[in-house]
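# Reading the structure
Listed below are the residues making up each chain.
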2 protein chains.
Amino acid sequence: MSEEIHPGLEDVVAAETQISFLDAEHEQIVVRGYDLIELARSSTYADVAHLLLFDHVPSEEERAAFARQLGDHAHLPEGVADILRRLPSDTVAMDALRSGLSILAGFENAEVLADHSREANLAKAVRILAKSPTLAANAYRALHGQPFVQPNPGLSFAANFLQMIYGRPADAETIAVFDRIMICYADHELANSTFAARIVASTFADIYGAIVAATAALKGPLHGGANEAAARMFAEIASRGGPAAAEPYLLERLAAKDRIMGFGHRVYMHRPDPRADLLKADLDAIAARDPDAAAMVQTYEIVVAVMEREKGLHPNADLPIGLILSLVGIPIDLFTPIFLCARNAGLLAHVIEQHEHNRLYRPRVVYTGPRDRRL
Amino acid sequence: MSEEIHPGLEDVVAAETQISFLDAEHEQIVVRGYDLIELARSSTYADVAHLLLFDHVPSEEERAAFARQLGDHAHLPEGVADILRRLPSDTVAMDALRSGLSILAGFENAEVLADHSREANLAKAVRILAKSPTLAANAYRALHGQPFVQPNPGLSFAANFLQMIYGRPADAETIAVFDRIMICYADHELANSTFAARIVASTFADIYGAIVAATAALKGPLHGGANEAAARMFAEIASRGGPAAAEPYLLERLAAKDRIMGFGHRVYMHRPDPRADLLKADLDAIAARDPDAAAMVQTYEIVVAVMEREKGLHPNADLPIGLILSLVGIPIDLFTPIFLCARNAGLLAHVIEQHEHNRLYRPRVVYTGPRDRRL
């Protein structure tokens, strides 16, 4: 054993994968061989999920069959709604999603649950993918005393998810940008939550347990919570007067050595996140349609310019996503659950890959505590 | 980034810690500077938990105060029992514990939940430590339609846990060996579940989420599930006729290239696990008291001898623990939940340490999939 410590395992290769790769040098996010940005421009979330799970973009026939499967499995089993309504109302929405996913495991047949073959895992993956938006939206509804909204299997994945969030149909522009956000979030190599899922899966724990662990990880403010933090920052700047308040606000926080979420990334370092560039165009489109939103987008531009000037940092995907989700009226507590539902496609693919090529994760420590203490 | 792959992160140092260390060279498990085997011989689980959380063995006054705290917090919040009773009866007991721990987070004040200071984390850790046995025992009871058993704060940690499992007071010998098993399981350096907890904590996700992830990891047959697998093996050998059936059974499984759980360990390699040696004495004591158990212990000895002869492997802690828990009449589905409740002390200490000296875990991959696919 080498005594060299790798804090945060930075630059340590912890897995071999055929699923995705951050090619920081070429500023490309590779997903199953495709450029994620091309997928986000020209595909749908369901197609990308199919690509991640089955390693190919669906044919027209496969697309229809996959949509049917997702629709068939979107309903929650009887009893789950009842449990969600019994959670204490202080429960964080992301924790309710975590509990719900954990509980769903009990609705699988015990043998199916313990079967880690590719076939059994794919069947469970489709069920988890299909049910998660229903769970996320309705857990939030339960915590807020709102009526449940059943999934509508006739809608696209994004349209159905938005309808369950809003309690009414979403417009075409919002569906399109939400779908694009879900694609941007679909997979991102060995992000912390994906790593957590693979570690849990490496004990041959089942795919539900691995996704529950990923949900726990994604909640953290240094990970999935970043889009919430970005949205709260934009709300704070707006409450201080809008675009003119952006620079003083940021300089104040930077002087206090606060960490500004939505900027920089361990892997991209000082290069731009291509997802942020893509989604800036969506922000511009929203600004063109809505004068109130235009001021927020102006704030966004100032924030980006100041952070580049002061810290040399570029926005990552969480910055535009936090703002877009706010502007389309989604409750902030749902941002991280939405991230999880989108990342599910990648997470599930990684768990399946881990089970197929398994080696138990069990690293070592450097011990710096006392020795030879006696009772 | 180096392209060197570390499958399972074997021999990679992933954390600096003052909590515990497997000194394989000296065959010693170091816990906060003490030899775990000395602790198991001369201490109690509550003392070891105090040591892990507060870095010192309690004084008499601290011991009484800690016992009072654990007793005060052992009750489940109102509503949890009701949720446990609504879980589908096919739910695996370990998954019910995972769901229950996830749900408990919602009973914390939201600000306390998000507070990762040492003080706030320690307060939550004591609550998790105290409530987990109540949750584990009563989740099992709920799944089997048995009446709930309330915790008895007047009993020791082990005696109270056993009483909730059995539904009646346990005898002194069983309490003593159960307490020793809990100490043996209390911490074990960077085991997979501990690593999972630290990874989740490194996003500044809260301590509940980290423990939920650890629970998910511990369920796996390559990790916490090993004690169950060992117990099932002994039951199978007994059903084939007892000690005389042990060698043919093992040779048959080895010829089929089955993995025999309860033997070997990534870190110990071909050295003995000191916990297994310690607990063999408990098996001998049980055999001396009970002739039926004596045959099982004889089987144990044959299994150990055959595995050493055939594979050069020594038993790890899971082998004697699986057998002891069977012999004292604990349902097999509770073995891994018991492991989690015992490991809690270490897990909670590791999460607190991670939050205090944090660096986000975010390793890299080697990508072996296709490139340059186009829509």
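Below or above, wherever it landed, is the structure these notes cover. Everything quoted here is computed from the prediction, not taken from an experiment. Residue indices follow the written sequence of each chain, beginning from 1 at its first position. Chain letters and ligand numbers both follow the written order, the letters beginning at A and the numbers at 1. Whole-chain, interface and lining totals are the exception, using all residues; otherwise, since this is a predicted model, local features are given only for residues with pLDDT of at least 70 and side-chain atom pairs are given and counted only at 80 or more. Side-chain metrics rest on all non-hydrogen atoms present in the structure, leaving aside hydrogens and water.

### A closer look at the overall build of chain A
Check the secondary structure of chain A and you find 17 helices and 5 strands. Its C-alpha atoms give chain A a radius of gyration of 21 Å, near enough to 21 Å, the size a compact globule of 375 residues would have. When the backbone C-alpha atoms are referred to their principal axes, chain A occupies close to 65 × 60 × 45 Å. Any residue under 20% of the maximum accessible area for its type is buried, any over 50% is exposed, and the rest in between are partly exposed; the area is computed with a 1.4 Å probe on protein chains only. Looking at chain A as a whole, 63% of its 375 residues are labelled buried. For chain A, the share of sequence-separated contacts (at least 6 apart) that also reach a separation of at least 24 residues comes to 75%. Here, Shrake-Rupley sampling with a 1.4 Å probe gives the accessible areas, and only protein chains in the shown set may cover a residue. For chain A, the accessible surface area stands at approximately 13300 Å², while carbon and sulfur atoms represent 49% of it. In summary, the charge assignment counts Lys and Arg as positive and Asp and Glu as negative, without counting His or the chain termini. Working definition for charges: the position is that of NZ of Lys, CZ of Arg, CG of Asp or CD of Glu. Taking the 35 positively charged and 49 negatively charged side chains of chain A as two groups, their mean positions are separated by 7 Å. Helix and strand assignments follow DSSP, with helices taken as H or I runs no shorter than four residues and strands as E runs no shorter than two, numbered in order from the N terminus. For this measure, only C-alpha atoms enter the radius of gyration; the expected value for a globule follows 2.2 Å times N^0.38, where N is the number of residues. By definition, residues are in contact when any of their heavy atoms lie within 4.5 Å.

### Examining the pattern of salt bridges
Residue and element names in this part refer to chain A. Salt bridges are counted wherever a side-chain nitrogen of Lys or Arg sits within 4 Å of a carboxyl oxygen of Asp or Glu. Under the definition given, this model contains 54 salt bridges over all chains. E252 is the salt-bridge partner of R240, the closest N and O atoms lying 3.4 Å from each other. You can see R240 sitting in the loop between α12 (226-239) and α13 (243-255) and its partner E252 sitting in helix α13, a full 12 residues away along the chain. Using a relative accessible area of 39% as the deciding quantity, one classes R240 as partly exposed.

### Points about the environment of I165 of chain A
Turning to its location among the elements, I165 of chain A is positioned in helix α8 (residues 157-166). Sequence-wise, I165 of chain A and T134 of chain A are 31 residues apart; in three dimensions their C-alpha atoms are separated by 8.9 Å.

### Details of unusual backbone geometry
Its identity as a non-glycine residue notwithstanding, F204 of chain A has a phi of 60°, on the positive side. Given the relative accessible area of 25%, F204 of chain A is considered partly exposed.

### What to know about the sheet that holds strand β2 (residues 20-23) of chain A
Residue and element names in this part refer to chain A. Strands qualify as paired when DSSP identifies two bridges or more between them. Across the sheet, 3 strands lie side by side as β2-β3-β4; this open sheet has antiparallel pairing. Two strands in the sheet have a free side with no partner beyond their single neighbour: β2 and β4 (34-35). Strand direction decides the pairing type here: strand β3 (residues 28-31) and β4, joined by 2 bridges, are antiparallel. If you follow V30 over to β4, its bridge partner there is D35.

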